Amino acid sequence: MSASAAPKIEVLRVSKQFGDAAAAPVLRDVDLACAENEFVCLLGRSGCGKTTLLNIIAGLVPPTAGEVRVDGEVVTGPGRGKGMVFQQNALFPWLSARGNVEFGARRSGLDKAGAGRVADELLDLVGLRDYGARYPGELSGGMQQRVAIARALALDPQILLMDEPFGALDEITRLDMQAELLRVWSSRRKTVVFVTHSIMEALALGDRIVVMGGGSIAAIHDVGLERPRSRSDPALLRLHDTIWQGLH
Amino acid sequence: MGAAATRHAAVLQGAGFIVSLLLLWELASALGWLRPHSFPPPSRIAQGAWELAVRGFPEGVRVWTHTLVTLRRIFSGFALAMLAAIPLGLLIGRSPTLDALTNPVITFARSVATLSLLPLVIVWFGTGELSKTLLIAYGCFWVMLSNVIAGVKYVDPVLVRAARTMDTPGREIFTHIVLPAALPRIFAGARTALGVGFMVIVGAEMIGTIEGLGALIMEARTFYRTDVTIVGMMLLGVMGVLFALGMEALERRLLPWHRGLSEVRR
Amino acid sequence: MNPRAANALLGAAGILLTLGAWELVARSGIVSQSVFPAPFHALATGLAKVPLADLGGHVWISLQRIALGFAAGALLGVGLAVAGGWYRTFGNLVRPVVELLRPIPPLAWIPMAIVWFGLGEPSKVFVIFLGAFFPVLTNTWKGMANIDPTLLRAGQTMGLSGPELLLKVAIPATLPDIATGLRIGWGLAFGVLVAAELIAAESGLGYLIMNARQLGEVEVIILGILVIGAANLVTDNLLARVLARWLNRSSEGSLP
């Protein structure tokens, strides 16, 4: 992460208000810049506005004020090289695992044969080579999220937006999935914005941790530790304490 | 004791209970405790079934004719309703304005008991086949229409969002996302509609016709042949069960992913 | 304008459009007005032939029949399902009998109802009873079978057992399913009511329209159909409201 290079994603004075003007804003004048290939975690309690911010970056929700730029261009809608992984159940239940990944690949402009090849490759990458024919309803929660990651990667996006993708998984599967995501990310570098409410998850994954509270950014921490990170590394634990205290 | 053994015991108990009820019924009839006209014993009913299959009731109109006539009426009305309700429902479900515009009318039309239209339909179209088909079509249509609309309207928004993050154009979101996501609901609508058609036909056939199972059970009563009435009721029951099983099999066949989902969630 | 008001306005417009189209077709003279009368003409003529007091009398009789049959069906349906769901052997015996009889459409019982109870009130009430009974029974039974076992265990750890556990935990936990069964049962009972009155009655809304057919009074038939629709709509809404309030109070449950 170098401050000199032009940022990949720029969030400029973004505010968001749902309903009428009397309601409290969900986001207030948020500024943020993410460098190319940077892994940024948005961390905060439920209702702090982190998911809304992610949806605005994705172009799914328009900001009330301010703008988001990707490569210097204002975001006006979803798609265009921004892959997204949702918390859960966003796979198309009527398509097989392979069909879901193929759907993404076809959307990136590949023909049927090419999409099939990409789908096989990506299912292999997320360790689901033998599960391509299964429907999402026949897969475990962890497997479903692997398929969702593969589907987002099939778009070959430059940016990967992840909305608490492991939030519904049990702790052990969640740790596996974090390692898996880092492995995938190391082989396919992307700019990642990852929303989580787990401090430990943010510490394990992010280059930078953006702590949000009350609709604005409360603090930004550089992690600066080599991956894979040990969860008992004293430096990591110190940062954990700092973040924890900052949240109160 | 395992779950299979428990189920086994339950089936045995149930079957034993039914067999003893039938035996008791036969016995009570033989001893003169039950009037055979009101409660024809199982042996009489079996004779009635035989007669219905061989000679027919009324004479010459055999059970196959009654069954086929009823089936034909249900299916023609049902098919008519599907043809009209599916495209219309897709159209209305896509447009919030159309939905708001039509909602009260649809709600009211659904509340009108289908058979209450019988006198009107007879005045308009006589007592022939057209009246029965239209009546069944009416009953099936509104059930189907509201299910198709709901299916399109209540598609899980996260699926649409996911498609939008993959640059899917609006037209394809409808054909590739909304339509398949609505299918289970549409299927449920078809199943309910068939049930409605099944209910309506019995009532419709009781008036102004001698063919069809509804007519059969009513005619048989008029001629003091309650054994034949009960055979007709049993046939209607079997038909209902076969319909339900058929729709289930069709759904498993056409929507294999949906069954998988419900099994995992259970 | 807020969206709810906009929707209500659109809905009103939809009703007016429907009535307008009907009026237009009727006046166009494609079909004779005596066969296809315009809506307001039909209502006015219908009401002239059947004064409001008579109409009210028919509605009242129909509502009495359905109330009686529905109450009997609901009580017996809930009672049997709760007993069958709670006492396993009883359930094993009753369930197959129910499953054998359930597929027979309620209207198919009309001939036997006439044989057993004659042409009077009891035969109609019996068929309506069947219309309500089966949906209430199957939904309640499903609810009893799907009670969250954690709730039962929680009750047991607090010293409840036997009938007390049934009354204080199992039945309250089943209430949402009972409510669903009652809604479906009411709808079915209504359809059955009209049919039963069409076929064998000397009073009630079904009789009113069937009799009008014999007299060739299309206006009265249309009036009757609209009244039947309205009666069903109003009573169903009323029932939904009562059930929603009842559920909210007793179990904080959420009715769809």
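Predicted model, so just to flag it, every value in this text is computed and none were measured.

Enquirer: Any chance you could break down the interface of chain C and chain B for me, citing the residues and the numbers?
Expert: On the chain B side, the residues contacting the 50 residues of chain C number 45 residues. Summing the contributions of chain C and of chain B, the shared interface buries around 4,100 Å²; its carbon and sulfur component is 85%. At the level of elements, helix 1 (3-28), helix 4 (88-101), helix 5 (110-117), helix 8 (162-199), helix 9 (205-215) and helix 10 (218-251) of chain C are the ones that each hand at least two residues to the side of chain C that touches chain B. When residues in the side of chain C that touches chain B are grouped by element, the largest group, 10 residues, is from helix 10 of chain C. Classifying every residue of the side of chain C that touches chain B gives 39 nonpolar, 9 polar and 2 charged.

Enquirer: Go over the sheet that holds strand 1 (residues 9-16) of chain A, please, and point to the residues and values.
Expert: All names here are of chain A. Spatial strand order, 2-1-4-5: 4 strands in an open sheet with antiparallel pairing. Two strands lie at the open edges of the sheet, namely strand 2 (27-34) and strand 5 (73-74), each paired on one side alone. As judged from the 2 bridges shared by strand 4 (residues 65-70) and strand 5, these two strands associate in the antiparallel manner. Directly across from Arg69, in strand 5, lies its bridge partner Val74. Docked against the sheet, helix 1 (residues 50-58) engages strand 1, strand 2 and strand 4, running at close to 120 degrees with respect to strand 1.

Enquirer: Describe the domain arrangement of chain C, naming the residues involved and giving the relevant values.
Expert: Residue and element names in this part refer to chain C. Taken domain by domain, chain C consists of domain 1 (1-30) and domain 2 (33-251). Computed from C-alpha coordinates alone, the two centres of domain 1 and domain 2 are separated by 31 Å. Listed as interface residues are 6 residues of domain 1 and, on the opposing side, 7 residues of domain 2. For the pairing of domain 1 and domain 2, the buried interface totals around 620 Å² over both sides, and the portion due to carbon and sulfur atoms is 76%. Contact with domain 2 buries surface across domain 1, with Trp22, Glu23 and Ala26 losing the most and accounting together for 78% of the total.

Enquirer: Kindly report on unusual backbone geometry, identifying the contributing residues and their values.
Expert: The amide bond that connects Arg227 of chain A to the next residue, Pro228 of chain A, takes the cis arrangement and shows omega of -5 degrees. For Pro228 of chain A, the position within the fold is in the loop between strand 10 (216-222) and helix 7 (234-246). For the bond running from Phe57 of chain B to Pro58 of chain B, omega is -10 degrees, close enough to zero to count as cis. Along the chain, Pro58 of chain B falls in the loop between helix 2 (42-54) and helix 3 (63-94). Phi is positive for Asp167 of chain B, which is not a glycine, with a value near 60 degrees. Within the secondary structure, Asp167 of chain B sits in the loop between helix 7 (157-165) and helix 8 (170-205).

Enquirer: Explain the packing of helix 2 (residues 97-107) of chain A against helix 4 (residues 141-154) of chain A residue by residue, including any values.
Expert: Residues and elements named next belong to chain A. Two elements in contact, helix 2 and helix 4, have axes whose closest approach is 7 Å; the angle formed by their N-to-C orientations is 25 degrees. By the angle between their directions, the pair helix 2 and helix 4 is classed as roughly parallel. Crossing geometry of helix 2 relative to helix 4 is assigned as right-handed. Between helix 2 and helix 4, the contacting residues are Ala97, Asn100, Val101, Gly104 and Ala105 on the first element and Val147, Ala150, Arg151 and Ala154 on the second. By residue class, the composition of the contact of helix 2 with helix 4 is 6 nonpolar, 2 polar and 1 charged.

Enquirer: Requested: an account of the arrangement of the chains, with residues and values cited.
Expert: By contact count, the dominant pairing among the 2 pairs of chains in contact is that of chains B and C. For chain A and chain C, which are not in contact, the least C-alpha distance works out to 11 Å.

Enquirer: Give me the lowdown on the pattern of salt bridges, citing residues and values where you can.
Expert: Tallying each qualifying case throughout the model produces 32 salt bridges over all chains. Note that Arg98 of chain A and Asp120 of chain A form a salt bridge whose closest N and O atoms lie 2.8 Å from each other. Of this pair, Arg98 of chain A sits in helix 2 while Asp120 of chain A sits in helix 3 (residues 112-125), and the two are 22 residues apart along the sequence. Taking the relative accessible area as the measure of exposure, Arg98 of chain A reaches 28% and is therefore partly exposed. With a relative accessible area of 39%, Asp120 of chain A lands in the partly exposed category. Ionic pairing is found between Arg72 of chain B and Glu129 of chain B, a salt bridge with its closest N-O pair at 3.5 Å. Here Arg72 of chain B is found in helix 3, whereas its partner Glu129 of chain B is found in helix 6 (residues 129-153), with 57 residues between them in sequence. When its relative accessible area of 49% is taken as the criterion, Arg72 of chain B is described as partly exposed. Several salt bridges share partner residues, and in doing so they unite Arg44, Glu51, Arg55, Glu59, Arg225 and Asp227 of chain B into one network.

Enquirer: Could you give me a rundown of helix 5 of chain C, with the residues and numbers involved?
Expert: Of all 8 residues making up helix 5 of chain C, 6 are buried, and the element is well covered by its neighbours. For helix 5 of chain C, the set of buried residues is Ile110, Pro111, Met112, Ala113, Ile114 and Val115 of chain C. Next to the buried residues of helix 5 of chain C lie helix 9 (213-222) and helix 10 (226-254) of chain B together with helix 6 (121-145) and helix 8 of chain C. At the exit of helix 5 of chain C stands Gly118 of chain C, carrying a positive phi of roughly 75 degrees.

Enquirer: Tell me about the side chain of Lys16 of chain A, residues and numbers included.
Expert: Residues and elements named next belong to chain A. Looking at the element boundaries, Lys16 is found in strand 1. The class of Lys16 is buried, set by a relative accessible area of 10%. For Lys16, the side chain forms a polar contact with the main-chain oxygen of Pro62, separated by 2.7 Å. Excluding residues that lie within four positions of it along the chain, Lys16 makes contacts with Pro25, Val26, Leu27, Thr52, Ile56, Val61, Pro62, Pro63 and Thr64.

Enquirer: Can you break down the packing of aromatic side chains residue by residue, with the values?
Expert: Residues and elements named next belong to chain C. Under the defined criterion, the tally for this structure stands at 22 aromatic pairs over all chains. Judged by centre distance (5.1 Å) and plane angle (50 degrees), the ring pair of Phe117 and Phe126 falls under tilted. Overall, Phe117 belongs to the partly exposed group, its relative accessible area being 39%. Since its relative accessible area comes to 17%, Phe126 is described here as buried. Measuring from centroid to centroid gives 5.0 Å for Phe133 and Phe134, while their planes differ by 70 degrees, and the two rings are edge-to-face.

Cut-offs applied
Within each chain, residue numbers correspond to sequence positions counted from 1 in written order. Chains and ligands are labelled by the order in which they are written, letters from A for the one and numbers from 1 for the other. Totals for whole chains, interfaces and linings use all residues, but because this is a predicted model, local features are given only for residues with pLDDT of at least 70 and pairs of side-chain atoms are given and counted only at 80 or more. Hydrogens and water are ignored here; the side-chain numbers use all heavy atoms of the structure. Any pair of residues with heavy atoms lying within 4.5 Å of one another is described as a contacting pair. Here the buried area means the combined drop in accessible surface, using a 1.4 Å probe, for two parts upon being joined, counting both sides. Only DSSP runs of H or I reaching four residues or more are called helices, and only runs of E reaching two or more are called strands; each is numbered from the N terminus. Throughout this entry, Asp, Glu, Lys and Arg are counted as charged residues, while Ala, Val, Leu, Ile, Met, Phe, Trp, Tyr, Cys and Pro are counted as nonpolar. The remaining residues, Gly among them, count as polar. Note: two strands are recorded as paired if DSSP finds a minimum of 2 bridges between them. Axis angles are defined between N-to-C directions and span 0 to 180 degrees, where every axis is a line fitted to C-alpha atoms and, for a helix, only to the segment in contact. For every domain, the bounds stem from an assignment made automatically or drawn from a database. Should an angle lie under 35 degrees it is considered roughly parallel, over 145 roughly antiparallel, and from 65 to 115 roughly perpendicular; all remaining angles are considered oblique. Two helices crossing with the near one rotated counterclockwise from the far one by less than a right angle form a left-handed crossing, whereas a clockwise rotation gives a right-handed crossing. The salt bridge definition used is simple: a Lys or Arg side-chain nitrogen within 4 Å of an Asp or Glu carboxyl oxygen. Using a 1.4 Å probe on the protein chains alone, a residue whose accessible area is under 20% of its type maximum counts as buried, one over 50% counts as exposed, and one in between counts as partly exposed. Under the rule applied, a polar contact is a pair of N or O atoms within 3.5 Å (in protein, one hydrogen donor and one hydrogen acceptor; residues adjacent in sequence only if both atoms are side-chain atoms). Only Phe, Tyr and Trp rings take part, Trp by its six-membered ring, and two of them pair if their centres are within 6.5 Å. Stacked means planes under 30 degrees apart, edge-to-face means over 60, and tilted covers everything else.

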